Structures are given as structure tokens and as C-alpha cells.
Amino acid sequence: MTDIIKQKFAKAIEFEKTGEYQTALSLYALISKENPDFRPVFLNMGSLYSRMGKIDDAMKCFRRAGELGEDYLNWFNIGSIYYKKGNFKQAVISFERSRKLNKSFILSALVTGLAYSRLKNLKGAETVFSEVLSIDPENKVALNALSLLYYESGRFDKSLKLCEKITSSDKENINAVKLKSSIYYEIGEYDKSAEILKKVKSNDKSCTTYDSFVKSLPVEIYTDRYGTIEKKIERLTEKSTETGNPEDYISLSLCHLLNGNTDMAIDTLFMVKKNQPKSF
């Protein structure tokens, strides 16, 4: 590489760093025409095009870079473009090429697993995420993905085990905590599920915000010709206990929610499931 090419390339990189993308692209393009075998310029152009959302142009650049030399990062870039375009089969092929060239590059494996999932190939996804965890047992992406995969395929014991591992080191991982609640719900431990959900709402921003909103409303606005909200709760409590009707429990849950008692609203809602007749 001549000094002139080095200077132009360095200048293009400076333009890119300062956010002058079009100027950088123009200079990269000029360099690529003058030096069609200069591989770094195609890599940089591809990366910049990708960040700008021009994925077809990015693909052309990465393809050209691949013709000039093969490496795991470029195959990862090509796979990422295919993934963005929704061509998950070609994405898997490209990511596998990347993995073959560098087994320790975990990012290729992670996105391979995601691509398999989009193809509904859960077996392939499970295998890849498990491989990642064999290399990096604390990898959060793989732990979360695999726990969800186990949950959706009905393997609740395995899903719960991974959730416990996630939350043992990251108690603020609300998604994992919510998944634990869902697992307990699915296996019939409704009290545990409700208890977790009540704790989550105090940490989950959306729940906290809604709690604050509900509690800021004067209870009097729920008083109409049918009586106060407290009277409605009293009547629905008696009625639901007598009938076990799911609709009565749902109505009671809503009244508790409107009255600002979100814990009781959650408990009541779970009574719907608990009072359903078991099938044999």
C-alpha cells in the first residue's frame, strides 16, 4: 500500500469518525476504484453502509472483500446482512463458515442460534446455545435464549433451572423473573407464580408507573348508582366464593385494581385458574 493510499484511507476514516458519512463513502469509493484489490476499503465501506441501513450496498462490499480474502469477521458480516434481510437459511450458512474459521468467536454462535430459532429449527438452536454455554457458562444471551426455548417446548424443569442460574447472579433481570412466574403457573404452583408477580411489579418500571397512576386516582370516581367500589368488592367477594364463576373473579380482580390494591388484584386473578376443574 502506497503512502498516498494510506493517507486517503486515513482521511476517510477520520470523516467517518466525525459523522461525515457521505464524504467518507465518496473517498472510500474513490480508493476502491483506484485500488480494486485493496481489501480494507471494502470492509470499511460495508460496515458504514450497514450502519446507515443500506444493507444491499453493504453486502456488495462484504462480498468483494470475501473475494479478496476469507476471514471469520467478514463471514459474520455477510451472515448479519442475510439475517437483517430475513434470509435466515443463508445467514446460518454464513455464520457456520465464520464459526469454522474461529471457534472461539462466540458472537457467530449466538446469532447462529437466533437464526435457527427464526427457522423454527429449535433443535439446531438448542445445540448452538448449549455449545456457547460450554465455552462461556455465564453468557447471558445464551442462558436467556435457552431458558425461553425450554419453556416454549414444555421442558419447564430445565427452563426453571436456567432461570434460577440467571437470577442468582442478576436479580434485576426482570424477564427471567417473569419467566419463573410463568413456569410456576404452567406447572400448577399458582401461589408461587402470583407471589413472584407481585414482587416483579415493584421493580418493573411499567408496573410501578401503572401502580402510581391507579393510586393517584380518587376512589370516589368509581362510585356510581350501584354503590362504592368497596361495596362492589364486598358483593363480588361473596358471589365469587359461592359460585366459583371465573367471570366473577375477573370482575373482582378489576375492582381491586381500580381500588389501588394491585397485590389483591393479582391474587384474585389467579383464583380463576385455581378454581378451574381439573381434567382427567
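Since this is a predicted model, take the numbers as computed values, not measurements. (Residues numbered from 1 in each chain as written. Predicted model: local features only at pLDDT ≥ 70, side-chain atom pairs only at ≥ 80, totals over all residues. Heavy atoms only, no water.)

Chemist: What is the right way to look at the overall build of the chain in this model?
Modeler: Helix and strand content of the chain: 16 helices and zero strands. Residues classed as buried in the chain amount to 41% of the 280 residues present. Put simply, 41% of the contacts in the chain that link residues at least 6 apart link residues at least 24 apart. Of the roughly 16300 Å² that the chain leaves accessible, carbon and sulfur atoms contribute 55%. (Helix = DSSP H or I, 4+ residues; strand = E, 2+ residues; numbered from the N terminus. Buried < 20%, exposed > 50% of the residue type's maximum accessible area, 1.4 Å probe, protein only. Contact = heavy atoms within 4.5 Å. Areas by Shrake-Rupley, 256 points an atom, 1.4 Å probe, with all protein chains shown as cover.)

Chemist: Just checking my understanding: could you explain the packing of helix 6 (residues 88-101) against helix 7 (residues 106-118) for this structure?
Modeler: To describe two helices that pack against each other, one gives the angle between their axes and the distance between the axes. Two elements in contact, helix 6 and helix 7, have axes separated by 9 Å at closest approach and are oriented at 155°. What the angle tells us is that helix 6 and helix 7 run roughly antiparallel. Considering only the axes of helix 6 and helix 7, their crossing is left-handed. Residue-level inspection shows Phe88, Ala91, Val92, Phe95, Glu96, Ser98 and Arg99 of helix 6 in contact with helix 7, the latter providing Ser108, Ala109, Val111, Thr112, Ala115, Tyr116 and Arg118. Residue classes in the contact of helix 6 with helix 7 are distributed as eight nonpolar, three polar and three charged. (Axes fitted to C-alpha atoms, helices over the stretch in contact; angles between N-to-C directions. Parallel < 35°, antiparallel > 145°, perpendicular 65-115°, else oblique. Left-handed = near helix turned anticlockwise from the far one by under 90°. Nonpolar A, V, L, I, M, F, W, Y, C, P; charged D, E, K, R; others polar.)

Chemist: Explain the pattern of salt bridges here, please?
Modeler: It is possible for side chains of opposite charge to pair when their charged atoms get near one another. For the structure shown, the criterion picks out 13 salt bridges. Where arginine 51 meets glutamate 16, a salt bridge forms, and the shortest distance between an N and an O atom there is 2.1 Å. Of this pair, arginine 51 sits in helix 3 (residues 39-51) while glutamate 16 sits in helix 1 (residues 3-17), and the two are 35 residues apart along the sequence. Residue arginine 155 pairs with glutamate 126 through a salt bridge whose shortest N-O separation is 3.2 Å. Of this pair, arginine 155 sits in the loop between helix 9 (140-152) and helix 10 (156-169) while glutamate 126 sits in helix 8 (residues 122-135), placing them 29 residues apart in sequence. On the basis of relative accessible area, arginine 155 is assigned to the partly exposed category, the value being 27%. One network of salt bridges, with partners in common, ties together Asp37, Arg64 and Glu67. (Salt bridge = Lys/Arg side-chain N within 4 Å of Asp/Glu carboxyl O.)

Chemist: What should I look at first to understand the packing of aromatic side chains in this one?
Modeler: In this description, an aromatic ring pair is defined by two values, namely the gap between the centres and the angle between the planes. The final tally for this structure, using the stated rule, is eight aromatic pairs. Summarising the aromatic geometry, the rings of tyrosine 83 and phenylalanine 88 are spaced 5.1 Å apart at their centres and angled 70° between planes, so their arrangement reads as edge-to-face. Taken together, the ring pairs connect Tyr72, Phe76, Phe95 and Phe105 into an aromatic cluster. A cation over an aromatic ring shows up here: lysine 11 above the ring of phenylalanine 15, its NZ or CZ 5.2 Å from the ring centre. The cationic tip of arginine 64 hangs over the ring face of phenylalanine 42; the distance from NZ or CZ to the ring centre is 5.8 Å. (Phe/Tyr/Trp six-rings, centres within 6.5 Å; stacked < 30°, edge-to-face > 60°. Lys NZ or Arg CZ within 6 Å of the ring centre and 35° of its normal.)

Chemist: What am I meant to see in the packing of helix 7 against helix 8 here?
Modeler: Axis separation between helix 7 and helix 8 bottoms out at 8 Å; the angle between their running directions is 160°. One element, helix 7, and the other, helix 8, form an angle in the roughly antiparallel class. The handedness of the crossing between helix 7 and helix 8 is left-handed. Seen from helix 7, the contacting residues are Ile106, Ala109, Leu110, Thr112, Gly113, Leu114, Tyr116 and Ser117; seen from helix 8, they are Gly124, Ala125, Val128, Phe129, Val132 and Ile135. Along the lines of polarity and charge, the residues of the contact of helix 7 with helix 8 split into 10 nonpolar, four polar and no charged.

Chemist: Looking at this model, I keep getting lost on a positive patch on the surface. Mind explaining?
Modeler: A contiguous patch of positive charge, built from Lys123, Lys158, Lys161 and Lys165, is present on the exposed surface. Sorting elements by how many residues they give to the positive patch places helix 10 first, with three residues. With respect to the helices, strands and loops of the structure, lysine 161 is situated in helix 10. (Patch = residues over 30% accessible without salt bridge, like charges linked within 9 Å, V, L, I, M, F, W, Y side chains within 5 Å. Lys, Arg positive; Asp, Glu negative; His and termini not counted. Charge placed at Lys NZ, Arg CZ, Asp CG, Glu CD.)

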